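Now for the letters of each chain:
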Amino acid sequence: MGCGTSSQSQKKPKVDHGLDVQDLTVPCTEQGYPPPLPPKGRKADIYKPSDFKEIENNAINTPDIFLDSYDALIAHLTSDARNDLQKVRAIFVWLGIQNKGGKKGPKAENPDTPRAYLQLIDKKLGSYASMFALMCRKAKVPCVIIRGIGKSASYEVGDTDLDHLKNNWNAVFVAGNWRFVHTLWAYMSLLGHRSGNWTLVETGGVKTQEKQEASVGQLNFQLNDYWFLTDPEKLFISCFPDNPKWQLLERTRSLQEFKEVPFVRKAFHALGLKIKSVQKCLLQAEKGEASITIEVPKIHSGKIKLTYDLFFKDSEASENTVDNIQLDRFVFMNYRKQEVEFSIRFPVVGIYKISIFGHDIEENSETMDWLCDFRIDCSSAKEECQPLPDCPDIGWGPSVEAQQVGMEAITHQEGLIPLKRRQKLDIQFKLNRPTELRCEMLHNKIQKSDLKDFVTSEVTQKKASVKVKKLPEPGEYALKLNFRQAVSGKEFVNVVNYLIINPPEELPPPPKPKEPRRENPFLQNIRKVLKDAIEGNDMEQIERAMAAFLKQKLEDKGELASAQKRLEYLQLKKALHDAISRRHVDVLRVAIDNARNSEHVDELSPRPLKEAERLHAHLKSVDKSRHPILKLNQRTISEIASYKQPIALIKDVMTSTFLLLGEKKQMLEKWTYIQTLLRKTGKYNVKRRILVFDTQNLLDGTIEMASHFLAGHSMAEVSECSAGAGTFFKWGMTVETSVKETRISTTIRGGMGQEQISQ
């Protein structure tokens, strides 16, 4: 049981972690409801938890005698409610405390009772979203059930295939606005779920190399108010509705934006943090480096303590990287004024994940809350990548620990100090208590004892000065400042760290080149032939001219580099041309990646690179859209064929489908002809025809005719009538959209002649 009604039988989808089973008796919406519009104001403007204590206590102490009547239960729960918001809160709390295994008790005799529906939920035949909607409507509060995608426990940050994450949630109309409620996630969470694809390689600067075993996790039943009246921009991070209007956002966002939005958690919002760097959850390392910057609000400045876990996805590694390569001390956690930057250097290629944790030290909690996750794809390792000289758990720069002991940086207010050549260093702090400092320096190749004379400290009553002399070698140095209160006799505690970068000495200028030998007319001609070849488009001519140039050992004045650059450009262009002609997704992907990763990317855009990318996206979209149809069993297709007189929208969908497959419009006017096509087997079976379907074979005007039959219908409308027809509708819409977006006619010119790409 779930949202929507249908006259066609539907198979219940497999339950994912956090996924409701759909039921067929509770409609998604009812007539006369207000239109979906963004709410005016935020959750905090209308909901103060302290105002609902009496309502909640009444709901929590509701006797089980009310389980046999919706009317009696609703009357009891809302008896003290003064408005619709209090009614909804009472229903939300009461339903939430029923979640520990449902209400088994005596078997319900009347199916139209709360007891009966709770028992359906217990058997995974009903959903909290449906029961919540049902009870709100009984209380005369408008409530809809929203279908869509939810980033539940089986979601991994950076995933782009989200089709398996189907989910249901609600919107209730209270205080003049629609507000979101995700009952399932509010009532239970899945703790300890692991995919088994990752190895924890570093945690807060400590090397671990801990392979994470796969685990289904354990359900935790605890009411989570974050999912009650959740603000739209926060819900969008985790939930994407099938109907875009139910985003309730001022600007409707795309599925691609949903896939890319930073994956931040409840505690991230609670601390008022913001992502200041790239607003994506999937990052691409550049030259083996990536960075993430988190902005801290003024109210929490100097109070936020962070840490991290760095993972390596060994399931996709081409070699046993984790066992053979050191992966610790590669995260630089740099505290700056009102922000913290995580800079990561990667010694090996691969897929990485960083999980960031934190809390406000004034909350007196030892637990670090999960704040956010990012996935980082590294396609090229950092050249000569060296680990940091140290990786302190408190991070780098003036930290929370420094403020706790009364040290305030006067001069250097972040953890990175790049020196100029032969520069000395003087770091100064303001003190608010008698202080003792012990300083030490670390370097990857120099013993700590050999560096002790390069740093000194001077402490007065209200000021501390740490001086660093000219350092002995270029490279990275860790300067660690350890504190204890004067005359206390306690252990020194690390409170501030700086990463000092000492530049290499300037090299002497290179010797002047020798005077080139004079060239005779024969050699001059060889140089001219190479220059002329560079201006042309003949790859073989360029290769012959280069060979002759090298054979005569002529002085290279930049001609060879130019020739090699031109040759690479023509080879990339030819590869794109060949891939477009072949219309093969994998061949296109390789050609596009090679072009994108080359220095010729600007020359190849917009043609032929853009054409190749459009064709690749088109072919991939069409290929992906056929998968749900190929998964349809023949019974579902036969069910559509069995209709003697189908409703108009089903006939429209099937007419559009067979128009795309090449059937004539006149023949498709008869439903009996469509029935015959649906019943064919072998190579004329409709699933096989869609499997081998290629948009290149579409006749002129076919897309327009097919679009005409789909116009005015929606996915939700078709699926309510027939799940099978909904699958064909989605395929048709995808083909239509993709073809229209890629209907281009472009001429590719070059040494390969002239080619037409028409789609």
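Residues numbered from 1 in each chain as written. Predicted model: local features only at pLDDT ≥ 70, side-chain atom pairs only at ≥ 80, totals over all residues. Heavy atoms only, no water.

Turning our eyes to something else, we now look at the overall build of the protein. For the protein, the helix and strand inventory stands at 26 helices and 29 strands. Reported as C-alpha extents along the three principal axes, the dimensions of the protein are approximately 95 × 85 × 45 Å. In the protein, which comprises 759 residues, the proportion classed as buried is 48%. Intrachain contacts of the protein at a sequence separation of at least 6 include 69% that bridge at least 24 residues. Element-wise, carbon and sulfur atoms account for 49% of the exposed surface of the protein, whose accessible area totals about 39,000 Å². Distance between charge centres in the protein, computed from 110 positive and 98 negative side chains, equals 2 Å. (Helix = DSSP H or I, 4+ residues; strand = E, 2+ residues; numbered from the N terminus. Buried < 20%, exposed > 50% of the residue type's maximum accessible area, 1.4 Å probe, protein only. Contact = heavy atoms within 4.5 Å. Areas by Shrake-Rupley, 256 points an atom, 1.4 Å probe, with all protein chains shown as cover. Lys, Arg positive; Asp, Glu negative; His and termini not counted. Charge placed at Lys NZ, Arg CZ, Asp CG, Glu CD.)

Moving on: the confidence of the model for the protein. Atomic detail in the predicted coordinates should be set aside for any region of low pLDDT. Taken as a whole, the protein shows an average pLDDT of 86; of its residues, 91% reach a score of 70 or greater. Across the protein, strand β3 (residues 177-181) holds the top mean pLDDT of 98, while strand β29 (residues 755-758) sits lowest at 26. For the stretch residues 744-759, pLDDT sits under 50, and the model shows 43 contacts to residues farther than four places along the chain or on other chains. (pLDDT = per-residue confidence, 0-100.)

A few words on the sheet that holds strand β16 (residues 339-345). The antiparallel open sheet is built from four strands, whose spatial order is β11-β13-β16-β15. The strands lining the two open edges of the sheet, one partner per strand, are β11 (274-275) and β15 (331-336). As defined by bridge partners, β11 adjoins strand β13 (residues 289-295) across two bridges and the pair is classed as antiparallel. Counterpart to K274 in the pairing with β13 is E295. (Pairing = 2+ DSSP bridges.)

Turning next to the nonpolar core. Core analysis: the biggest nonpolar cluster contains 57 residues, and W94, M131, F132, M135 and V172 have the highest contact counts within it. At eight residues, helix α4 (residues 84-96) tops the list of elements feeding residues into this core. Residue contacts for W94: discarding those within four places in its chain leaves A59, T62, L67, L73, L77, P114, L118, M131 and M135. By size, the runner-up hydrophobic cluster in this structure holds 48 residues, among which are L273, L310, I376 and C391. (Core = buried A, V, L, I, M, F, W, Y, C linked by side-chain atoms within 4.5 Å.)

A few words on the pattern of salt bridges. Within this structure, the stated rule accounts for 29 salt bridges. Of the charged contacts in the structure, one is a salt bridge between R42 and D231, with a shortest N-O distance of 3.7 Å. A residue pair is termed long-range when its members are at least 10 positions apart, and R42 in the segment before α1 (43-46) and D231 in the loop between β8 (228-230) and α8 (232-235) qualify at 189 residues. Since its relative accessible area comes to 6%, D231 is described here as buried. Residues K382 and E289 are paired through a salt bridge, measuring 3.5 Å at the closest nitrogen-oxygen approach. A residue pair is termed long-range when its members are at least 10 positions apart, and K382 in the loop between β18 (369-378) and β19 (397-398) and E289 in strand β13 qualify at 93 residues. Since its relative accessible area comes to 25%, K382 is described here as partly exposed. Look at E289 and you get partly exposed, because its relative accessible area is 38%. One network of salt bridges, with partners in common, ties together K276, R336, E339, E341 and E414. (Salt bridge = Lys/Arg side-chain N within 4 Å of Asp/Glu carboxyl O.)

Within the element layout of this structure, S465 appears in strand β25 (residues 463-468). A relative accessible area of 13% means that S465 is categorised as buried. Within the structure, S465 has its side chain in polar contact with the side chain of D426 (distance 2.7 Å). Ignoring anything within four residues of it in the chain, the contact list for S465 reads D426, I427, Q428, T456, S457 and E458. (Polar contact = N/O pair within 3.5 Å; in protein donor to acceptor, adjacent residues only side chain to side chain.)

A separate point is helix α15 (residues 559-582). With 24 residues, α15 should reach 34 Å at 1.5 Å per residue; the first-to-last C-alpha distance of 34 Å fits that figure. R583, located one to two residues past α15, shows a positive phi value of around 55 degrees. (Expected span 1.5 Å × (residues − 1).)

Take the packing of aromatic side chains next. The tally for this structure, following the rule as stated, stands at 20 aromatic pairs. Between F312 and Y352 the ring centres are 5.1 Å apart and the planes differ by 70 degrees, which places this aromatic pair in the edge-to-face class. Taken together, the residues span a long stretch of sequence, with F312 in strand β14 (residues 304-312) and Y352 in strand β17 (residues 350-360) at a distance of 40 residues. Neither residue differs from the other here; F312 and Y352 are each classed as buried. Ring-pair connections join several aromatic residues into one group, and the members of that group are Y47, F52, F92, Y128, Y187 and F228. Looking at R265, its charged tip hangs above the ring of W370, at a distance of 4.4 Å from the centre. The positively charged end of K353 is found above the aromatic ring belonging to F311, 4.7 Å away from the centroid. (Phe/Tyr/Trp six-rings, centres within 6.5 Å; stacked < 30°, edge-to-face > 60°. Lys NZ or Arg CZ within 6 Å of the ring centre and 35° of its normal.)

Turning our attention to the environment of G96. Along the polypeptide, G96 turns up in helix α4. Residues G96 and R375, spaced 279 residues apart in sequence, show a C-alpha to C-alpha distance of 34 Å. If we ignore the near neighbours within four places in the chain, the residues touching G96 are Y187 and L223.

Take the pairing of β17 next. Among the 11 residues in β17, 11 count as buried, and that is most of the element. The two faces of β17 match: G350, Y352, I354, I356, G358 and D360 on one face and I351, K353, S355, F357 and H359 on the other face are all buried. Pairing of β14 with β17, which is carried by nine bridges, proceeds in the antiparallel orientation. When the bridges of β17 are listed, I304 appears paired with D360. Pairing analysis gives nine bridges linking β17 to β18, with the strands arranged antiparallel. Within β18, the residue paired with F357 across the bridge is W370.

A sheet is described by the order of its strands in space; here four strands give the open sequence β20-β22-β25-β24, paired in antiparallel fashion. Here the strands that pair on one side only, and so sit at the sheet edges, are β20 (407-409) and β24 (455-459). On average, adjacent strands in this sheet sit at an angle of 25 degrees to one another, irrespective of strand direction. The sheet contact formed by strand β22 (residues 425-431) and β25 spans six bridges and is antiparallel. (Axes fitted to C-alpha atoms, helices over the stretch in contact; angles between N-to-C directions.)

Take the state of the cysteines next. According to the stated counting rule, one finds zero disulfides in the structure shown. Counting only cysteine sulfurs, C136 is the nearest neighbor of C143, a cysteine outside any disulfide, at a range of 4.3 Å. Exposure remark for C143: the relative accessible area of 0% places this residue in the buried category. Sulfur of C385: no disulfide; nearest cysteine sulfur belongs to C378 and is 8.9 Å away. On the basis of relative accessible area, C385 is assigned to the buried category, the value being 14%. (Disulfide = S-S within 2.5 Å.)

Axis separation between helix α3 (residues 70-77) and helix α6 (residues 128-138) bottoms out at 10 Å; the angle between their running directions is 75 degrees. In terms of their interaxial angle, α3 and α6 are classed as roughly perpendicular. Listed contacts from α6 to Y70, L73, I74 and L77 of α3 are M131, L134, M135 and K138. Split into classes, the residues belonging to the contact of α3 with α6 amount to seven nonpolar, no polar and one charged. (Parallel < 35°, antiparallel > 145°, perpendicular 65-115°, else oblique. Nonpolar A, V, L, I, M, F, W, Y, C, P; charged D, E, K, R; others polar.)

What follows is about unusual backbone geometry. Despite not being glycine, L229 has its phi angle at roughly 60 degrees, a positive value. Here L229 is to be found in strand β8. Among the residues examined, L229 registers a relative accessible area of 0% and is labelled buried. Although it is not a glycine, K287 adopts a positive phi angle of roughly 55 degrees.

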